[in-house]
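Here is how the chains run, residue by residue.
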Amino acid sequence: MAQLWSNHNTIFTGKPSPLATFISIILLCILGFYTLHYVHSPSSPLSSSQNALRFHHTFLSTASNDTVAAYLRHLTMHPHVAGTQPSIETANYVLNHFKGLGFDSHSVPYEALLSYPTHSSLSLHFSNGTRADLPLSERSGTRKIELDGVVRPYHAYSPSGSVSRAKAVFVNFGRDEDYRALGRAGVNVSGCVVLARRGNLPRFAVIEKAAAHGAAAVLLYTEGGGGDRFRKGFERGTVMSGVGDPLSPGWAGVNGGESLRVDDVDISRRFPKIPSMPLSSEAAETILGSLGGAPVPAQWKSVPSKVRRVGPGPTMVDFNYQGEKKVATIHDVFAVIKGLEEPDRYVLLGNHRDAWTYGAVDPNSGTAALLDIARRFARMRDLGWTPRRTIVLCSWDAEEFGMIGSTEWVEQNLGNLGSNAVAYLNVDCAVQGPGFHAGATPQLDNLLLEVLKKVKDPDFDGSTLYQNWADRDNQNVITRLGRVDSDFAAFVHHAGIPSIDLYYGRDFPVYHTAFDSYEWMTNYGDPLFQRHVAVAGVWGLLALRLADDSILPFNYRSYAEQLKGHTQVLSKFLDSNIGYLSPLTTSIQEFAAEAKEIDIKVQILREQESSTSELVTLQKRALNDRLMLAERAFLNTDGLDGKKWFKHLIYGPSDPETELDFFPGIADANFRSTGMNLRQRQSLIQHEIWRVARAIQRATSALRGELS
């Protein structure tokens, strides 16, 4: 090799001829022309479309069931509750995976108040004089699972407390209507340990209502399913109200930052006033079978037939729970794939990493899918792909304690997210069982349906997810994101960022129990990991479309139709003497008209894809900004009444006893005004109707892109 270099040096050291010089100059000019004109100019629509299709095919074709299974196996080798050493090790595993793929990766720590158990016991005293100590841990055969490091069953943020010889009483789901039924039967729960079964009410609400009726403590169980073994499972979970670190409400809990005291009035009201514990279905049946007193109310039709009486007593309960709240460090992990043309626009994919136990379903089925998406994106990068916009892969911590990791990060980055975030794509439990489900803010509906047409259905050969989605009778509804049960909450309810939530299956029997293991997944949830691959396919293609389409694939006509549908339901829900809906219907009509206009503008600009005009490029950027920022207009700086952190007036949490899952301020006003006189009710509800109408007007102005 040294000799060859020497010969070449000899050749080029001679004096060139005039002809050679002329040819060299011509070649350099041609090369410069092509370099300037083609390399730096936008691709034609055909080449851009072909490239997109090629990389979409690459993304789908490089899926690997075995690789996803291997990721999940590693993630679930040990329990990893947030704030513990195993949780840190899991964070490092994800971080090292991202770094190993060559992505710009980092971890962000936050200080947060978490909660752990120190001691618990539960004993029953029966009317015949016998006593039974109920086990408060799962068992695998004859071996206690907590020997493997599984945290004992508990409710995070429950106050410590003990109750001796209190009567047991069954309160069904613990709803207001359940207590009214008990009251009509002459049942008083004051001083009792109430036993409730899990339903649609959040845990905090169940305990809060029990405390309001004078109960001393709460036992909460989930009805068994999936076989006798899983009836021994205890559903752990948080009983804190709201989301995020309770000591830094509205701002990030960073080291050295402001942190409120636990006994601050606004903080303490987020925690229940009476202690609670989870109970297994098996243990609950022991109590239920021993109750006397009043018969089960006739309207509790879903109560198992073998439960005949609700108490109180004669069974007495000794209840003891001791726990501790302490500040711990949590870690969010990120991989950043910087965009080439619009690096200041962000498409975010997120999944939480922490688990109450092994977390094979919740949440690490989603984590494994995220890791595989990262692997496939790295493969595409090696083949020449770079996204138009920046993609951020997010691995959240401490979601199980109240979406803490994602909330702290959104609060810390609210300014940048408000200006630059395109969309957030969430996957929590990627696979719980059969059946694909999705929730979204409505402008993303059409995009979601288009992507479902590209992904194979893992449960039906030769068909796509869309085909079977469309074939399901009245079940192919894209749900909305008003609920507060996963990491999209901060993005939608606080930051107003268009979002999607994806998952396979519902109501799996090992939820938050020690049986949520790799073994359960391989035997029941997804033995061949085909559903994992399908979810990852949808998740990744959504990200690619949002990151690479020159014009954002948002459709606000879909949003307008959804708002019309919500208003129709609301008109039937409200008393005609109370709710004057004209401001709402007028604002929606204006929004629908502007959505139609902007759709026309999108079509015009798409027809000019081949243009290299700087003006067209700027027009696309301006149009994308309007599409991206319209969702922010639904936010209100004052937030919902009594829940000021929740800013979104279209989708957000309303009182769990209401029947609406949209317009939360109106729903709450209607619920709170019960018992007021007609004038007071009208005033309260009408104000909330006007607030929503003004939010829709702001969104219309945002789409129009002009000042009034």
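Here the structure is a predicted model, which means the values were calculated and not measured. (Residues numbered from 1 in each chain as written. Predicted model: local features only at pLDDT ≥ 70, side-chain atom pairs only at ≥ 80, totals over all residues. Heavy atoms only, no water.)

Before going further, it helps to spend a moment on the overall build of the protein. Within the protein one finds 22 helices and 18 strands. For the protein, the C-alpha radius of gyration of 29 Å lies close to 27 Å, the compact-globule estimate for 708 residues. Projected onto the principal axes, the alpha-carbon positions of the protein cover approximately 115 × 65 × 55 Å. Split into buried and exposed, the 708 residues of the protein put 54% on the buried side. Side-chain charges of the protein comprise 70 positive and 74 negative groups, with the mean position of each set lying 2 Å from the other. (Helix = DSSP H or I, 4+ residues; strand = E, 2+ residues; numbered from the N terminus. Rg over C-alpha atoms; globule rule 2.2 N^0.38 Å. Buried < 20%, exposed > 50% of the residue type's maximum accessible area, 1.4 Å probe, protein only. Lys, Arg positive; Asp, Glu negative; His and termini not counted. Charge placed at Lys NZ, Arg CZ, Asp CG, Glu CD.)

Quick look at the domain arrangement of the protein now. Along its sequence, the protein is carved into domain 1 (50-112 + 327-548), domain 2 (114-138 + 145-324) and domain 3 (556-704). Using C-alpha coordinates to define each centre, domain 1 is positioned 27 Å away from domain 3. Contacts between domain 1 and domain 3 engage 30 residues on the former and 21 residues on the latter. The closest approach of N and O atoms between Asp-625 and Arg-345, which form a salt bridge, is 2.8 Å. Linking domain 1 with domain 3 are 16 residue pairs in polar contact (both at pLDDT 80 or more). Going through the elements one at a time, strand E14 (342-352), helix H11 (404-412), helix H12 (414-420), strand E16 (421-431), helix H13 (445-452) and helix H15 (488-494) are the ones with two or more residues in the side of domain 1 that touches domain 3. (Domains from an automatic or database assignment. Contact = heavy atoms within 4.5 Å. Salt bridge = Lys/Arg side-chain N within 4 Å of Asp/Glu carboxyl O. Polar contact = N/O pair within 3.5 Å; in protein donor to acceptor, adjacent residues only side chain to side chain.)

A few words on the confidence of the model for the protein. Confidence in the prediction for the protein averages 90 pLDDT; 90% of positions are at 70 or higher. Within the model, the stretch residues 1-46 combines pLDDT values under 50 with eight contacts to residues more than four positions away or in other chains. (pLDDT = per-residue confidence, 0-100.)

In this section: the packing of aromatic side chains. Tallied over the entire structure, the rule returns 32 aromatic pairs. A ring pair is formed by Trp-356 and Phe-401, whose centres lie 4.9 Å apart and whose planes are at 50 degrees; its orientation type is tilted. Pair noted here: Trp-356 is in the loop between E14 and helix H10 (364-382) and Phe-401 is in the loop between strand E15 (389-396) and H11, with a separation of 45 residues, a long-range link. Each member of the pair Trp-356 and Phe-401 is classed as buried. On the numbers, 6.5 Å between centres and 40 degrees between planes, the contact of Tyr-559 with Tyr-651 is tilted. Of this pair, Tyr-559 sits in helix H18 (residues 556-573) while Tyr-651 is found in the loop between helix H20 (614-629) and helix H21 (664-672), placing the two residues 92 residues apart along the sequence. Since its relative accessible area comes to 1%, Tyr-651 is described here as buried. Following the ring pairs from residue to residue traces out a cluster consisting of Tyr-116, Tyr-154, Tyr-157, Phe-271, Trp-356 and Phe-401. Stacked on the ring of Phe-55, the Lys or Arg Arg-54 has its end atom at 4.4 Å from the ring centre. Over the ring of Phe-59 we find Arg-376; its NZ or CZ atom is 4.3 Å from the centre of that ring. (Phe/Tyr/Trp six-rings, centres within 6.5 Å; stacked < 30°, edge-to-face > 60°. Lys NZ or Arg CZ within 6 Å of the ring centre and 35° of its normal.)

Let us look at the state of the cysteines. Considering all chains together, one arrives at zero disulfides under this definition. Of all cysteine sulfurs, the one in Cys-429 lies closest to Cys-394, which takes part in no disulfide; the gap is 18 Å. Classification of Cys-429 as buried rests on a relative accessible area of 8%. (Disulfide = S-S within 2.5 Å.)

Time to look at the packing of helix H19 (residues 582-606) against helix H22 (residues 678-704). Where H19 meets H22, the axes come as close as 9 Å, and the angle between the chain directions of the two elements is 15 degrees. With respect to their mutual orientation, H19 and H22 come out roughly parallel. Two packed elements cross with a definite hand, and for H19 against H22 that hand is left-handed. Residue-level inspection shows Pro-583, Leu-584, Ser-587, Ile-588, Glu-590, Phe-591, Glu-594, Ala-595 and Ile-598 of H19 in contact with H22, the latter providing Gln-686, Ile-689, Trp-690, Val-692, Ala-693, Ile-696, Gln-697, Ala-699, Thr-700, Leu-703 and Arg-704. Counted by class, the contact of H19 with H22 contains 13 nonpolar, four polar and three charged residues. (Axes fitted to C-alpha atoms, helices over the stretch in contact; angles between N-to-C directions. Parallel < 35°, antiparallel > 145°, perpendicular 65-115°, else oblique. Left-handed = near helix turned anticlockwise from the far one by under 90°. Nonpolar A, V, L, I, M, F, W, Y, C, P; charged D, E, K, R; others polar.)

In this model, H19 (25 residues) spans 36 Å end to end at C-alpha, consistent with the 36 Å of a helix rising 1.5 Å per residue. Of all the positions in H19, only Pro-583, Leu-584, Ser-587, Ile-588, Phe-591, Ala-592, Glu-594, Ala-595, Ile-598, Val-602 and Leu-605 are classed as buried. Taken together, the buried residues of H19 touch H18, H20 and H22. (Expected span 1.5 Å × (residues − 1).)

Before going further, it helps to examine H11. Among the nine residues in H11, eight count as buried, and that is most of the element. Ile-404, Gly-405, Ser-406, Thr-407, Glu-408, Trp-409, Val-410 and Glu-411 are the residues of H11 that are buried. Buried residues along H11 sit in contact with strand E1 (104-125), strand E13 (316-337), E14, E15, H12 and H15.

Tallying each qualifying case throughout the model produces 39 salt bridges. Two residues, Lys-326 and Glu-324, come together in a salt bridge whose shortest N-O distance is 4.0 Å. Accessibility expressed as a relative area gives 35% for Glu-324, which makes it partly exposed. Between Arg-557 and Asp-599 there is a salt bridge, and its shortest N-O distance comes to 3.2 Å. Separated by 42 residues along the polypeptide, Arg-557 in helix H18 and Asp-599 in helix H19 bring together distant segments of the chain. Looking at Arg-557, the relative accessible area reads 39%, which means it is partly exposed. Through salt bridges with shared partners, a single network forms among Glu-341, Glu-342, Asp-344, Arg-345, Arg-388, Arg-389, Arg-621 and Asp-625.

The next subject is the UniProt feature "domain: Transferrin receptor-like dimerisation" (unreviewed entry) in the protein. As recorded in UniProt, the feature "domain: Transferrin receptor-like dimerisation" (unreviewed entry) lies at residues 581-703. End-to-end, the C-alpha atoms of residues 581-703 are 23 Å apart, and along that stretch the chain is 62% helix and 0% strand. (UniProt positions renumbered as here; feature names shortened; annotations may be inferred.)

Moving on: the pairing of strand E6 (residues 161-170). One ladder, built from five bridges, connects E6 with E13; its direction is antiparallel. When the bridges of E13 are listed, Lys-167 appears paired with Met-316. Note: E6 against strand E7 (residues 193-197), three bridges, orientation parallel. Its bridge partner being in E7, Phe-170 is matched across the sheet by Leu-195. (Pairing = 2+ DSSP bridges.)

Time to look at the environment of Pro-387. Inspection of the secondary structure assignment puts Pro-387 in the loop between H10 and E15. Of the residues examined, Pro-387 reaches a relative accessible area of 1% and is grouped as buried. As for Pro-387 and Ala-543, which are separated by 156 residues in sequence, their C-alpha atoms are 9.8 Å apart. With sequence-adjacent residues up to four places away left out, Pro-387 is seen in contact with Ile-337, Lys-338, Gly-339, Leu-340, Ala-547 and Asp-548.

Residue Pro-312 is reached from Gly-311 by a cis peptide bond, and omega for that bond is 0 degrees. Tracing the backbone shows Pro-312 in the loop between strand E12 (309-311) and E13. That bond from Asp-362 to Pro-363 is cis: its omega, 10 degrees, falls within 30 degrees of zero. Structurally, Pro-363 is set in the loop between E14 and H10. One non-glycine residue, His-512, adopts positive backbone phi at about 60 degrees. Considering the arrangement of structural elements, one finds His-512 in the loop between strand E18 (499-504) and helix H16 (518-525).

Let us look at the side chain of Asp-516. In this fold, Asp-516 is placed in the loop between E18 and H16. This buried residue, Asp-516, is left without a salt bridge; Arg-236 holds the nearest opposite charge, at 9.4 Å. Those residues in contact with Asp-516 that lie beyond four places of it in its chain are Thr-357, Tyr-358, Gly-359, Ala-360, Val-361, Asp-362, Phe-508 and Val-510.

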